[in-house]
Amino acid sequence: MALAASGALTAPAIAQTPLQWSDDKVKAIARHGPWPPPLSRDPSNRVAGSPNAIVLGEHLFNEPRLSADGAMSCATCHIAARDWGDGRAKAMGRSELDRRTPSLWNVGHAHWFGWDGAGDSLWAQSIRPILDPREMASDAARVAGLLREDKALACGYERAFGEKPGGGDEKLLVDAAKALAAFQATLISPRTPFDAFRDALLSGDREAAARYPLAAQRGLKIFIEANCAACHFGPRFTNGEFGDVGIPFFTRPGEVDAGRLDGLAKLANSTFNLLGRYNDDVSGASALRTKHVQRLHSNFGEFRVPSLRQTGSGPFMHNGHLATLEDVVKHYSEVNPDRLHSDAIPLVRPLALSAEQSADLVAFLRTLSAEPPPRHAPPPLCP
Ligand code: HEC
Ligand code: HEC
């Protein structure tokens, strides 16, 4: 594919003028905003958006007593100062896991969770690490006991749910996860230089648009022409679905991570999926996606399309296979379509970028991140 070189725009020291953008490209850019987008409340979670549940959720997120040995919390792997990931290629629980800890930025906008989509709600996904023997290795009785017996948590629960922590252990485990979900939905990544450019371009503010570095503008053009948005679509730069871009998926000799194919089997077998009794949405509408999703052989080797906002400094991909953004761009530049695992129609083909084009694409990708505002400790559970 001919990625049009963007003309003689590399001259330094001259006041920048933005590149010329065709109407089609302006439309393509517009689709990646506005930021932040409005957040719709999760109907499957009766405490979604509740300020008291958000406070309880943040306390639980940092609570090591949820784990079997009292040593691991959600925040052990999802570290705020590391864009809610851990900077490791593969997560470290009680032993090393097969996948990387994903960022939790903007997770409230997702509809499938985990690299394989084994979760169909933010709260169901929050139960997984609590029970996984390689992670927090806990159980419903321990979590329920903590909510009933710890005075501060019991009080926080009552404020969030409007009743004392009662009912069975499993129900209380789900409620803890729903508070965790309410908290995580508040993690919205900051506005970025790209957002300022997009808005300036749409409003015709040439001066503001010209502040966006030319290298990033050229990289953005490549991003559009290479059709990266076929998967990295919309304001979050992800369509929320699954794809195969040819990342090796052997976990150890002779064993593969089948990705979405296994994720769909796990989803169907989960007590906590949206078709189950813990879905608070009586209309049933929120369960339609789960009800109708089909498990196809082409799901083999597919992983969730990650958001490109606030990706942090790497490593990248579901198993941390690529260390830097430069490596990611090199991968897309040289990808061998015969290596794709999925038998779906390939959407990626080698871009054969020049060194300058690669640097420009990296420069653009970096403008999808910005310094997040400092975080403060959550308010007390029961002031
Ligand atoms: C040992 C490290 C570790 C701990 C502890 C941990 N996580 Fe994770 N988290 C991961 C990994 C790895 C994944 C990817 C899982 C997968 O794809 O199967 C993940 C995925 C997620 C996702 C899905 C994100 C997405 O983009 O789809 C959410 C939400 C999440 N974790 C929340 C939590 C919560 C809440 C806790 C505490 C109850 C927690 N995690 C504890 C490592 C961890
Ligand atoms: C077929 C859909 C698809 C297309 C087209 C596509 N991607 Fe991706 N992208 C993915 C998937 C799926 C992953 C994760 C793959 C994995 O973990 O195995 C990913 C991962 C990434 C990552 C790493 C993010 C992270 O947090 O790990 C970056 C950066 C990226 N893509 C940029 C691009 C760029 C730039 C283009 C265009 C040249 C592009 N992608 C085209 C589906 C796609």
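For every chain, the first residue of the written sequence is number 1, and numbering continues from 1 along that sequence. All chains are assigned letters beginning with A, and all ligands numbers beginning with 1, in the order in which they are written. Since the coordinates come from a predicted model, pLDDT governs what is reported: local features require at least 70, and pairs of side-chain atoms require 80 or more to be given and counted, while whole-chain, interface and lining totals use all residues. Derived side-chain values reflect all non-hydrogen atoms in the structure, with water molecules and hydrogen atoms excluded from consideration.

Draft legend 1. Expanded view of the overall build of the chain. Secondary structure elements are defined from DSSP: runs of H or I of at least 4 residues count as helices, runs of E of at least 2 residues count as strands, and each element is numbered from the N terminus. When its secondary structure is counted, the chain shows 14 helices and 4 strands. In terms of overall dimensions, the chain has C-alpha extents of about 70 × 50 × 40 Å along its principal axes. Whether a residue is buried, partly exposed or exposed follows from its accessible area with a 1.4 Å probe, protein chains only, as a fraction of its type maximum: under 20%, in between, or over 50%, in that order. Within the chain, the proportion of its 383 residues that are buried is 51%. Excluding contacts between residues fewer than 6 apart, the proportion of contacts in the chain whose partners are at least 24 apart in sequence is 74%. Each accessible area value is a Shrake-Rupley result obtained with a 1.4 Å probe; residue values ignore everything except the protein chains displayed when judging cover. With the model as given, the accessible surface of the chain reaches about 18,000 Å², and the carbon-plus-sulfur share is 56%. When charges are tallied, Lys and Arg are placed among the positive residues and Asp and Glu among the negative ones, while His and the ends of the chain are skipped. To locate a charge, take NZ of a lysine, CZ of an arginine, CG of an aspartate or CD of a glutamate. With 42 positive and 43 negative side-chain charges, the chain shows a separation of 2 Å between the mean positions of the two kinds. Residue contacts follow a heavy-atom distance rule, with two residues in contact if any of their heavy atoms lie within 4.5 Å.

Draft legend 2. Looking closely at the coordination of the iron atom of ligand 2. The rule for donors is simple: N, O or S, within 2.8 Å of the metal, or within 3.2 Å if the metal is Na, K or Ca. Water isn't counted, so a site may look like it is missing partners. Protein-derived coordination of the iron atom of ligand 2 comes from His232 (NE2) and Tyr332 (OH), at a distance range of 1.9 to 2.1 Å. A four-donor site is called tetrahedral if each angle lies between 85 and 135 degrees; a four-donor site is square planar, and a six-donor site octahedral, when trans pairs exceed 155 degrees and the remaining angles lie between 65 and 115; all other cases are labelled irregular. Every donor counted, the 6 donor atoms about the iron atom of ligand 2 form angles of 88 to 179° at the centre, which fits octahedral coordination. Of this pair, histidine 232 sits in the loop between helix H10 (214-225) and strand S1 (242-243) while tyrosine 332 sits in helix H13 (residues 325-334), placing them 100 residues apart in sequence.

Draft legend 3. Here's a closer look at the state of the cysteines. Note on terminology: pairs of cysteine sulfur atoms within 2.5 Å are recorded as disulfides. What the rule picks out here adds up to 1 disulfide. In this model cysteine 155 forms its disulfide with cysteine 382; the gap between the sulfur atoms is 1.5 Å. Between cysteine 155 and cysteine 382, the disulfide has an S-S torsion of -95° and is therefore left-handed. With cysteine 155 in helix H6 (residues 151-161) and cysteine 382 in the segment after helix H14 (355-366), the pair connects residues that are 227 residues apart, well separated along the chain. A residue is classified by how much of its surface remains accessible, and cysteine 155, at 28% relative accessible area, is partly exposed.

Read these as geometric descriptors, not functional statements.
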